[in-house]
Amino acid sequence: MVMSAALEEVTMEAPLRLVEPVRIGAASAEKVSGSFALKDVSVAYGNETVIAGVNMLVPSRAVTALIGPSGCGKSTLLRCLNRMNDEIGNVRVGGAVTLDGLDIYQKSVDPVDLRMRVGQVFQRPNPFPMSIYDNVAFGPRTQGVRKREELDAIIEAALRDAALWDEVKNHLKKHAFELSGGQQQRLCIARALATKPEVLLMDEPASALDPISTQQIEDTIAELKDMVTIVIVTHNMQQAARISDQTAFMLRESMDQPAHLVEVGETKRLFTNPDDKRTESYITGRFG
Amino acid sequence: MSDRNRRARNARTVEAVMKVVTGACVALVVGAAVLILGKIVISGIPGISLEFLFSKPGMGMRAGGIFPIIVGTLMLVTLTAVLVLPLGIMAGIYLAEYAPKNIVTRIVRLSIANMAGVPSIVYGLFGLAVFVLLMQFGKSLLASALTLTCLTLPVIITSTEEALRQIPSDLRQAALALGATRWRAIYKVILPAAAPGIVTGSILGLSRAAGETAPILVTGAAFFLPRLPDSVFSQYMSLPYHLYVLATQVPNVPPEITWGTAFVLVAGVSIVSMIAGAWRSVQRRKVKW
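Residues numbered from 1 in each chain as written. Chains lettered and ligands numbered in written order. Predicted model: local features only at pLDDT ≥ 70, side-chain atom pairs only at ≥ 80, totals over all residues. Heavy atoms only, no water.

Chemist: Even after reading the chapter, I still don't get the overall build of chain A, so can you show me in this structure?
Modeler: Summing up its helical and strand segments, chain A has 11 helices and 10 strands in all. Taken over 288 residues, chain A has a buried fraction of 56%. Of the contacts made within chain A by residues no fewer than 6 positions apart, 68% connect residues no fewer than 24 positions apart. Total accessible area on chain A stands at roughly 12700 Å², and carbon and sulfur atoms take up 49% of it. (Helix = DSSP H or I, 4+ residues; strand = E, 2+ residues; numbered from the N terminus. Buried < 20%, exposed > 50% of the residue type's maximum accessible area, 1.4 Å probe, protein only. Contact = heavy atoms within 4.5 Å. Areas by Shrake-Rupley, 256 points an atom, 1.4 Å probe, with all protein chains shown as cover.)

This is how it looks when you write it as structure tokens:
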């Protein structure tokens, strides 16, 4: 893969050359976007720095997995990418996070606009207490889409992309809570896709689900990566190995020091031939 | 071994005794409620007729009906609701969703809790001084409704805040992550989910307002008025004050008129509560976490 070779030698100053070619069938001039660059990113809760010195690239239209033991700041780092940390009081993010070259923490960036470009799926399925249709329509309606036909089209497309359409197409008016846990999570994916994001953040999206639902979510992710950049936090190393193109391993070595990024690289390489001893220990199950 | 047996036996005894003691307390409370309601129903029902509900009082309030009193109460409670609900619910939303966690917010919250403990006659005197005299609304529906607004505001604010806090933060996060502003998340997701709790609190607060005597006594309720109020600046008659008048100020009132009036007040409040309760259980069945 071209991507991995580029990743290993890339410095943060280097131009991003990690994007894949334009999708087949897409409008000719469509720009492939949705790549993040993190430069010396740190996160502090009050006076306690919990993550420090994270440098990495998140390539467009690929799956990046964040792995590491519990409490190593994977989810916190993920929430830096759509500024959901802003919603928790007393959190400071240092360094620079850029989305397609735009510093998302600069004053002129409204987190509300950012979150339309960077969607999120949470650990536990959290559909709104309303119909399936209204759940998926929430984002587009927020963006001002009012026309019925237009909404219908967006909703069908989002549900198809989340591999839920066939199961719910005749029950769109049903309450979302009537769906199973796995269906609810795919509904949440559809809801996030309906805002047409460039990036989809997933925080252990399958950890509350049974194996079959997990499989369906993983299949969905595989389908989606041609359309959006995916960053997924997972506890499950097999899952990271199965679904991701790039893996980042984070570690907090003691409670006295902040978590940091140990190693980031092409998934296949990282799982077979890691550069760092600690990565090797973790993926072979010696800790965590 | 025997020591452990004795302890286990003691624990079982305490368990049995406490179950009986706590149960007895509930029985006492329920008994008192049944007694009060039973008396009102038994003594009140004979006085109830269409004529009683839809005619004016006559013969120095010793005969006739209570139509202007019912209308006055409805107008007063409606006006109070119009004033207090937007104000109280908005303030509750601010406290639950926007207020920073700091000392000022804590003081505000504490003040609201204290407001709920102020005796109602003190609200009455406040209303007399501010709304009746200072703002020159005179003794009127408006002055009374504003006074009752102050009285019920803490209940509405607190219950709104509590209802909002019970909504899982997952839902807030989900809405914000979709690019919704705080207000959109509140308006479209949080508020509908919290509506049953907010409605309960509002009904509770307004029921209290409907039954208050002291604050309206000094701000606008009339001893007797031959006509219905024609504007918010009119005086009015009201069920709780009329009840007080019948019970203590007018000699020789037939008991079915006094108890009938009490029955109408209690029945009115109960009917509204029951409608709200029914609506709530329908909502609950739709929304589970």
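Chemist: Hey, could you run me through the sheet that holds strand 9 (residues 246-251) of chain A in this one?
Modeler: Within a sheet, neighbouring strands are paired by backbone hydrogen bonds and run either parallel or antiparallel to one another. Residues and elements named next belong to chain A. Ordered by their spatial adjacency, 6 strands build an open sheet running 6-7-8-3-9-10, and the pairing between neighbours is mixed. The two strands at the open ends of the sheet, each matched to only one other strand, are strand 6 (118-121) and strand 10 (260-266). Strand-to-strand, the axes of this sheet are offset by a mean angle of 15 degrees, without reference to chain direction. (Pairing = 2+ DSSP bridges. Axes fitted to C-alpha atoms, helices over the stretch in contact; angles between N-to-C directions.)

Chemist: I would appreciate a short explanation of the nonpolar core in the present structure.
Modeler: What tends to happen in soluble globular proteins is that the nonpolar side chains get buried as a cluster. Counting 45 residues, the largest nonpolar core has Leu159, Ile189, Leu200 and Ile230 of chain A as its most contacted members. Setting aside residues no more than four positions away along its own chain, isoleucine 230 of chain A makes contact with Ala62, Val63, Thr64, Leu200, Met202, Ile221, Leu224 and Lys225 of chain A. (Core = buried A, V, L, I, M, F, W, Y, C linked by side-chain atoms within 4.5 Å.)

Chemist: Whenever I open this one, the packing of helix 3 (residues 67-98) of chain B against helix 6 (residues 141-165) of chain B confuses me. Can you help?
Modeler: All names here are of chain B. At a minimum axis distance of 6 Å, the contact between helix 3 and helix 6 shows a crossing angle of 40 degrees. Along this stretch, helix 3 crosses helix 6, giving a crossing that reads as right-handed. Its residues assigned to classes, the contact of helix 3 with helix 6 shows 21 nonpolar, 8 polar and 3 charged. (Left-handed = near helix turned anticlockwise from the far one by under 90°. Nonpolar A, V, L, I, M, F, W, Y, C, P; charged D, E, K, R; others polar.)

Chemist: Quick question: what am I supposed to make of the pairing of strand 3 (residues 63-67) of chain A here?
Modeler: Across a regular strand the side chains alternate sides, sitting on one face of the sheet and then on the other. All names here are of chain A. With 5 of 5 residues buried, strand 3 is to be regarded as a mostly interior element. Neither face of strand 3 is left uncovered, since the one carrying Val63, Ala65 and Ile67 and the one carrying Thr64 and Leu66 both have all their residues buried. Direction of pairing for strand 3 relative to strand 8 (residues 229-233): parallel, over a ladder of 4 bridges. Residue pairing for strand 8: threonine 64 is matched across the bridge by valine 231.

Chemist: Any chance you could explain the domain arrangement of chain B here in plain terms?
Modeler: Interfaces are often sized by the amount of accessible area the parts lose when they come together. Residue and element names in this part refer to chain B. According to the domain assignment, chain B contains domain 1 (2-47) and domain 2 (50-286). Measuring from the centre of the C-alpha atoms in domain 1 to the corresponding centre in domain 2 gives 32 Å. Across the contact, 9 residues belong to domain 1 and 7 residues belong to domain 2. Both sides of the domain 1 and domain 2 interface together cover about 670 Å² of buried area, and 85% of this is carbon and sulfur. Where domain 1 packs against domain 2, one counts 0 residue pairs in polar contact (both at pLDDT 80 or more). When its residues are assigned to classes, the side of domain 1 that touches domain 2 shows 5 nonpolar, 3 polar and 1 charged. (Domains from an automatic or database assignment. Buried area = accessible area lost by both parts, 1.4 Å probe. Polar contact = N/O pair within 3.5 Å; in protein donor to acceptor, adjacent residues only side chain to side chain.)

Chemist: I would appreciate a short explanation of a nonpolar patch on the surface in the present structure.
Modeler: Residues and elements named next belong to chain B. Taken together, the side chains of Met90, Tyr94, Tyr98, Trp183 and Tyr187 define a hydrophobic patch exposed on the protein surface, amounting to about 550 Å² of accessible area. For the nonpolar patch, the secondary-structure elements that each account for two or more residues are helix 3 and helix 8 (182-211). Among the elements that make up the nonpolar patch, the one with the highest residue count is helix 3 (3 residues). Of note, tyrosine 187 is situated in helix 8. (Patch = residues over 30% accessible without salt bridge, like charges linked within 9 Å, V, L, I, M, F, W, Y side chains within 5 Å. Salt bridge = Lys/Arg side-chain N within 4 Å of Asp/Glu carboxyl O.)

Chemist: Is there a simple way to explain unusual backbone geometry in this structure?
Modeler: Phi is mostly negative for residues that are not glycine, and the peptide bonds are mostly trans. One non-glycine residue, aspartate 100 of chain A, adopts positive backbone phi at about 50 degrees. Here aspartate 100 of chain A lies in the loop between strand 4 (91-99) and strand 5 (102-103). You can call aspartate 100 of chain A partly exposed: its relative accessible area is 29%. Positive phi outside glycine occurs at methionine 61 of chain B, with the angle close to 70 degrees. Following the sequence through the fold, methionine 61 of chain B ends up in the loop between strand 1 (57-58) and strand 2 (63-64). Among the residues examined, methionine 61 of chain B registers a relative accessible area of 5% and is labelled buried.

Chemist: Sorry if this is basic, but what is going on with empty space enclosed by the protein here?
Modeler: The rolling of a water-molecule-sized probe over the atoms marks out the regions of remaining empty space. Overall, the coordinates contain 2 cavities of 30 Å³ or more when judged by the stated rule. The volume enclosed by the largest cavity comes to roughly 50 Å³. Of all the secondary structure elements, the ones that give two or more residues to the lining of the largest cavity are strand 6 and helix 7 (181-193) of chain A together with helix 7 (169-177) of chain B. No other element matches helix 7 of chain A, which puts 3 residues into the lining of the largest cavity. Across the lining of the largest cavity, the residue classes break down as 7 nonpolar, 2 polar and 1 charged. Estimated volume of the second largest cavity: approximately 30 Å³. Taken together, Leu38, Met56, Val58, Leu66, Leu77, Leu81 and Val231 of chain A make up the lining of the second largest cavity. (1 Å grid on protein atoms, 1.4 Å probe; cavity = no way out; pocket = protein on both sides within 12 Å on 5 of 7 lines; lining within 4 Å. Points joined across faces, edges and corners; volume = space filled by probe spheres on them.)

Chemist: Hey, could you run me through the packing of aromatic side chains in this one?
Modeler: Given two aromatic rings, their pairing is described by the distance between the two centres and the angle made by the two planes. Evaluated as defined, the whole model comprises 8 aromatic pairs over all chains. Seen from their ring centres, phenylalanine 137 of chain B and phenylalanine 233 of chain B are 6.1 Å apart, and the 45 degrees between their planes marks the pair as tilted. Of this pair, phenylalanine 137 of chain B sits in the loop between helix 5 (120-134) and helix 6 while phenylalanine 233 of chain B sits in the loop between helix 9 (214-217) and helix 10 (239-249), and the two are 96 residues apart along the sequence. Between arginine 191 of chain A and the ring centre of phenylalanine 128 of chain A, over which it is positioned, the NZ or CZ distance is 4.3 Å. Over the face of the ring belonging to phenylalanine 138 of chain A we find arginine 184 of chain B, whose NZ or CZ atom lies 5.4 Å from the ring centre. (Phe/Tyr/Trp six-rings, centres within 6.5 Å; stacked < 30°, edge-to-face > 60°. Lys NZ or Arg CZ within 6 Å of the ring centre and 35° of its normal.)

Chemist: Help me out: how do you make sense of the packing of helix 7 of chain B against helix 8 of chain B in this one?
Modeler: When two helices pack together, their arrangement is given by the angle between the helix axes and by the axis-to-axis distance. All names here are of chain B. Taken N-terminus to C-terminus, the directions of helix 7 and helix 8 make an angle of 125 degrees; their axes are 9 Å apart at the nearest point. Here helix 7 is positioned oblique relative to helix 8, judged by the angle of their axes. Crossing hand, helix 7 versus helix 8: right-handed. Residue-level inspection shows Leu171, Arg172, Ala175 and Leu176 of helix 7 in contact with helix 8, the latter providing Arg182, Ala185, Val189 and Ile190. Of the residues contributing to the contact of helix 7 with helix 8, the split by class is 6 nonpolar, no polar and 2 charged. (Parallel < 35°, antiparallel > 145°, perpendicular 65-115°, else oblique.)

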